[in-house]
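Take a look at the letters that make up each chain.
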Amino acid sequence: MRDMPNLVRKPCAFLLCMVLLLSCAGGALAEPDETGAETVTDTAASQAEDNKLINRYPLYQSDYVEEDIPYYFNYLNEGIEKGYQNATSEVTIDIAGGLIDGVTPVTVTDGAIEWIDEEIDSITWSFTVPQDGFYNIELEYTPLGSGVDNPSRTIMFDGEQTVQELLNVEFSRSWHDANKPWVNSLGDQVRPKQVQENKRMTTRVKDQLGRSNEPLKIYLTAGEHTMTWEYIQEEMAIHSLKLVVPVVYKTYAEVKAEYDANGYQPVGTSVEGIKIDAEYPSDKSDAALRIMSDTDPKADPPVSTHTVFNAMGGDTWSSGGQTITWSFDVATAGLYKIDLRVYSKYNDGLPSYRKVLIDGEVPFEEMLCYEFDYSRKGWYSTSGTKNFNKGV
């Protein structure tokens with residue numbers, strides 16, 4: 001899967017018309033799995049500077065703010081200055097060992113804790129860390145119920161609040177269109193209903209506003225610790241909890257060298273490109289993310305006298321952490337370019353940013369926060385610009 005950048009401020013909206021995987025003279029491998037399926041995910045990441053792993057903060061903050069608790073940016077920088085390193089081994093937490101409100105053992109049903117409402121105010125787990133280091137929090141979970149709001153919890157370590165961003169951690173739901181747009185009696189396309197799928201998902205805890213390009217890293221010393229989760233809203237099932245080693249992303253140059261060493265070749269001009277219509281995503285994290293009808297003559301397909309949906313996102317795709325996923329099949333393994341037709345005219349002269357993932361992973365560092373230039377000309381193609389030319 002692949003993700004694309006996400007906006008952390010309301011002005012940073014972004015409209016996507018289509019994605020193309022093209023034959024190329026240089027690019028990245030798109031290799032099908034056993035079923036031949038590939039996925040592309042577009043995730044709203046954050047305002048960034050020079051593709052650094054830590055970004056500037058947006059102009060607004062969460063409603064959950066404690067003045068004496070550091071923001072992640074400062075917390076991480078302070079740790080780096082002290083010489084803190086990433087851990088090299090992971091810790092699996094026994095979810096069955098959790099204590100409700102620090103007293104009552106949790107109930108595990110079919111391998112999961114079902115946390116329905118505020119009757120369970122908090123759950124605390126004890127665990128042992130083998131070595132000092134930065135860790136990511138990884139969990140498998142299933143959003144429960146039929147609510148629109150995301151489940152959210154406060155996370156603390158050793159009874160203390162570590163960073164502001166852990167005061168309100170959201171866990172996304174999964175949405176998709178019930179079907180393709182239908183045509184009414186006037187000849188206009190009509191948006192389909194939104195369907196929520198309560199499916200099991202794996203994620204690493206991140207800032208819900210998208211102010212960091214990577215999952216939050218928490219420093220723990222070797223020895224005994226506790227992690228406490230407090231209820232904020234909505235129900236969820238927790239299947240597993242781990243503290244895992246943070247990913248260190250390779251640069252494109254490093255990945256390209258590996259491609260060359262493995263003998264990967266461009267698919268060549270004889271292979272037909274794969275067109276992915278942006279208005280037909282396979283999954284999205286927010287029911288508010290909508291297909292759009294844009295009358296710009298450069299949009300595809302063009303709109304004439306009737307409403308035709310031909311794009312995805314716009315001002316609905318303007319919040320940190322929003323993700324859109326497209327699925328596609330690859331018939332020929334090889335190196336491909338990614339070409340997008342985008343509309344980035346919303347942002348008062350500012351660029352938009354997206355994180356790009358292929359099959360759930362960022363392929364190289366430059367895709368952590370890919371920049372789409374502001375353009376007064378409306379729709380434009382990204383082919384031949386920046387990192388997409390290098391392919392993924």
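Everything quoted here is computed from the prediction, not taken from an experiment. (Residues numbered from 1 in each chain as written. Predicted model: local features only at pLDDT ≥ 70, side-chain atom pairs only at ≥ 80, totals over all residues. Heavy atoms only, no water.)

1. Looking at a negative patch on the surface
Definition in use: Patch membership is restricted to residues that have no salt bridge and whose relative accessible area is over 30%. Joining uses 9 Å for like charges and 5 Å for the nonpolar side chains Val, Leu, Ile, Met, Phe, Trp and Tyr. For the accessible areas, the method is Shrake-Rupley and the probe is 1.4 Å, while residue cover comes only from the protein chains on display. By convention in these notes, a salt bridge is any Lys or Arg side-chain nitrogen within 4 Å of a carboxyl oxygen on Asp or Glu. A residue counts as positive if it is Lys or Arg and as negative if it is Asp or Glu; His and the chain ends are not included. For charged residues, the charge sits on one atom: NZ in Lys, CZ in Arg, CG in Asp, CD in Glu. Every helix listed is a DSSP run of H or I at least four residues long, and every strand listed is a run of E at least two residues long, numbered separately from the N terminus.
A contiguous patch of negative charge, built from Asp 101, Glu 118, Glu 119 and Asp 121, is present on the exposed surface. Note on placement: Glu 118 falls in the loop between strand 6 (113-115) and strand 7 (122-129).

2. Quick look at the side chain of Ser 152
Note the cut-off: By definition in these notes, contact holds between two residues if any of their heavy atoms fall within 4.5 Å.
Examined against the element boundaries, Ser 152 turns out to sit in strand 9 (residues 152-157). The contact partners of Ser 152, leaving out residues within four places of it in the chain, are Asn 168, Val 169, Glu 170, Glu 230, Tyr 231, Ile 232 and Gln 233.

3. Examining the packing of aromatic side chains
Heads up, the condition is: Two rings from Phe, Tyr or Trp (for Trp, the six-membered ring) form a pair when their centres are within 6.5 Å of each other. A pair whose planes differ by under 30 degrees is stacked, one over 60 is edge-to-face, and the rest are tilted. Here's how the labels work: a residue is buried when its accessible area is under 20% of the maximum for its type, exposed when over 50%, partly exposed in between, all with a 1.4 Å probe on protein chains only. Sitting over a ring, as applied to charges here, requires NZ of Lys or CZ of Arg to be within 6 Å of the ring centre and within 35 degrees of the ring normal.
Scanning all chains against the criterion turns up 10 aromatic pairs. Taken together, a centroid distance of 6.5 Å and an interplanar angle of 45° make the contact between Trp 115 and Tyr 231 tilted. Residue Trp 115 is found in strand 6, and its partner Tyr 231 is found in strand 17 (residues 223-233); the two are separated by 116 residues along the sequence. For the ring pair Phe 134 and Tyr 219, a centre distance of 5.5 Å and an interplane angle of 75° mean the geometry is edge-to-face. Of the two residues, Phe 134 is situated in strand 8 (residues 133-143) and Tyr 219 in strand 16 (residues 218-220); the sequence distance between them amounts to 85 residues. Under the relative-accessibility criterion, Phe 134 is labelled buried at 2%. The rings of Trp 125, Tyr 141, Phe 171 and Trp 229 are connected pair by pair, giving a single aromatic cluster. A cation over an aromatic ring shows up here: Arg 153 above the ring of Trp 115, its NZ or CZ 4.5 Å from the ring centre. Over the ring of Trp 317 we find Arg 354; its NZ or CZ atom is 4.1 Å from the centre of that ring.

4. Section: the environment of Gly 314
By the element assignment, Gly 314 lies in strand 22 (residues 311-314). Judged by its relative accessible area of 0%, Gly 314 falls in the buried class. Gly 314 sits 23 residues away from Ile 291 along the chain, and the two C-alpha atoms are 8.7 Å apart.

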